[in-house]
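Below are the chains, spelled out letter by letter.
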Amino acid sequence: MGYFCPLCGKSINYAETIEGLCIHCYYEKHPIIEDTIFKDFTLSVCKFCGAIQDKKHRWHYYDTPLEDVFIKEIASYLKSKIKSKNIDFKIYDGSIKVLSATSGVFSFKIDIIVSLPQHMNKRYHIINTFEVPVYFSICDKCKKIKSGYFEAIVRFKKANDFIDKKTHEEIKQTLKNLMLAYTDNPKGFILKLTEKKKFLEAKVGSGTVAKAIGSYFRKHYNAHVIVTSKLKGMVSGKNVYQLAVSIELPKYHKGDLLKVGNEDICVVSKVTSKGIICDGLFSHKKYVFTRQDLEQSKISKISSDEIDEYQVISEKQNTYQIMSLSTYQIYEISKSEIPISLRKDDVLKGILFRNKVIFLAKK
Ligand SMILES: [Zn+2]
Ligand SMILES: [Zn+2]
């Protein structure tokens, strides 16, 4: 025989009732999560960046949608409020309604998963809708950004050279990644990025963060970093300094080919923040060039159009005869000068230097 819930009239199995009511009617009369549970709960959010302020007035920054952040906040609040360990719940369907410039409401559903003592392995979903107030204000970071505040200027340049587009992009991406570590720091922001052909400049909210950016580029890019500070003015009787972090990216990279006047050509084997170390291909000497040395005009990068292809056309006892594939000029090269053995028709890249062909690497 069927059983009907006396409150809603639904036909149900008597074994699935509590005090004679269907599970939904029972929990409507005896809510598991009462509305009053949220009576002290509010969400305080920055209207510009969506940062959330906690009870101790600290701001927390997230890069996920605000609704998801709110749901997480509410879930951790609920966990702290619900005494019973047997209640499982899921918060979903969150939406923000803005009521004024400073206030709004956040509504959401809670799916409470319960089971009956007599039916422990069967789960029931009790779904309720709740609302909590939202207050909009402006966080410390946005306040500073809006007022144009910054403590340091970080300037990237390349010794005597333009910064190419690829490097510009790489610097910007690296800065963006670095700033992620400072999201919770109210001064951890970049106020403005200025991109020029010869430099890239960032106004950074915090001097400490600016110095950390310098250290990062010194360590990972072998950049030459100079930090200076100058007096900017006085604020409430205190001197205010502005920091300048100059980051000079190395001009040359490992593997670059350089011409050292008419003396030698060399390949860069190591880059440090102080300069470079090169292997001479003509003299087989090792060179150490400081940053100052690299300013000299006698050191220059060998462009790709100075590199030619040479084909082995014949082999003699101690020499190879090779031919330039662009000029068809024939050269002799002594076997002792190349560490590898070649065969007829091999093609290698080389540079003609002081009327001598210097091979770069096989193929
Ligand atoms: Zn019912
Ligand atoms: Zn903000």
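Residues numbered from 1 in each chain as written. Chains lettered and ligands numbered in written order. Predicted model: local features only at pLDDT ≥ 70, side-chain atom pairs only at ≥ 80, totals over all residues.

### With respect to the overall build of the protein
Move 1: If you tally the helices and strands in the protein, you get 6 helices and 25 strands.
Move 2: Looking at the protein as a whole, 19% of its 363 residues are labelled buried.
Move 3: Taking the contacts inside the protein whose residues are at least 6 apart along the sequence as the reference set, 50% of them involve residues at least 24 apart. (Helix = DSSP H or I, 4+ residues; strand = E, 2+ residues; numbered from the N terminus. Buried ≥ 20, exposed ≤ 12 C-beta atoms within 10 Å, placed from the backbone. Contact = placed C-beta atoms within 7 Å.)

### Topic: the domain arrangement of the protein
Move 1: Per the domain assignment, the segments of the protein are domain 1 (31–140), domain 2 (148–249), domain 3 (257–301) and domain 4 (304–359).
Move 2: Each partner contributes residues to the interface: domain 2 has 6 residues there, and domain 3 has 6 residues.
Move 3: Looking at the side of domain 2 that touches domain 3 residue by residue, the classes come out as 2 nonpolar, 3 polar and 1 charged. (Domains from an automatic or database assignment. Nonpolar A, V, L, I, M, F, W, Y, C, P; charged D, E, K, R; others polar.)

### Thoughts on the pairing of strand 18 (residues 275–280)
Move 1: The sheet contact formed by strand 17 (residues 264–271) and strand 18 spans 5 bridges and is antiparallel. Along strand 18, the bridge assignment pairs Val 268 with Cys 278.
Move 2: Linkage of strand 17 to strand 18, two consecutive antiparallel strands, is achieved through a turn of 3 residues.
Move 3: Here 5 bridges tie strand 18 to strand 19 (residues 286–290), and the two strands are oriented antiparallel to one another. Following the sheet pairing, Ile 276 is matched in strand 19 by Phe 289.
Move 4: Here strand 18 folds back onto strand 19 in antiparallel fashion, the turn holding 5 residues, of which His 284 has a positive phi close to 65°. (Pairing = 2+ DSSP bridges.)

### Some remarks on the pairing of strand 22 (residues 319–324)
Move 1: By the bridge criterion, 5 bridges tie strand 21 (residues 307–315) to strand 22 in an arrangement that is antiparallel. Bridge pairing in strand 22 links Tyr 310 to Ser 324.
Move 2: The loop that links strand 21 with its antiparallel partner strand 22 comprises 3 residues.
Move 3: Strand direction decides the pairing type here: strand 22 and strand 23 (residues 330–334), joined by 5 bridges, are antiparallel. Following the sheet pairing, Gln 321 is matched in strand 23 by Glu 332.
Move 4: The turn joining strand 22 and strand 23, which pair antiparallel and follow one another in sequence, is formed by 5 residues; a positive phi near 60° is taken by Tyr 328.

### A few points about the environment of Glu 201
Move 1: Summarising the element assignment, Glu 201 is placed in strand 13 (residues 199–204).
Move 2: Assessed through the 15 C-beta atoms surrounding it within 10 Å, Glu 201 is described here as partly exposed.
Move 3: Taking the C-alpha atoms as reference, Glu 201 lies 9.3 Å from Ser 246; in sequence the two are 45 residues apart.

### Overview of the sheet that holds strand 6 (residues 52–53)
Move 1: Spatially, 6 strands are ordered 7-6-5-10-9-8 in an open sheet, and the strand pairing comes out mixed. Looking at the sheet topology across the chains shown, the edges are occupied by strand 7 (59–60) and strand 8 (88–98).
Move 2: For strand 8 and strand 9 (residues 103–116), the ladder comprises 9 bridges, and the chain directions are antiparallel. Within strand 9, the residue paired with Lys 90 across the bridge is Asp 111.

### Description of unusual backbone geometry
Move 1: Within the chain, His 284 stands out as a residue other than glycine whose phi angle is a positive 65°.
Move 2: On the neighbour-count criterion, His 284 (10 C-beta atoms within 10 Å) is exposed.
Move 3: The phi torsion at Arg 354 lies on the positive side, around 50°, for a residue other than glycine.
Move 4: By the element assignment, Arg 354 lies in the loop between strand 24 (347–353) and strand 25 (356–359).
Move 5: The class for Arg 354 is exposed, based on 10 C-beta atoms found within 10 Å.

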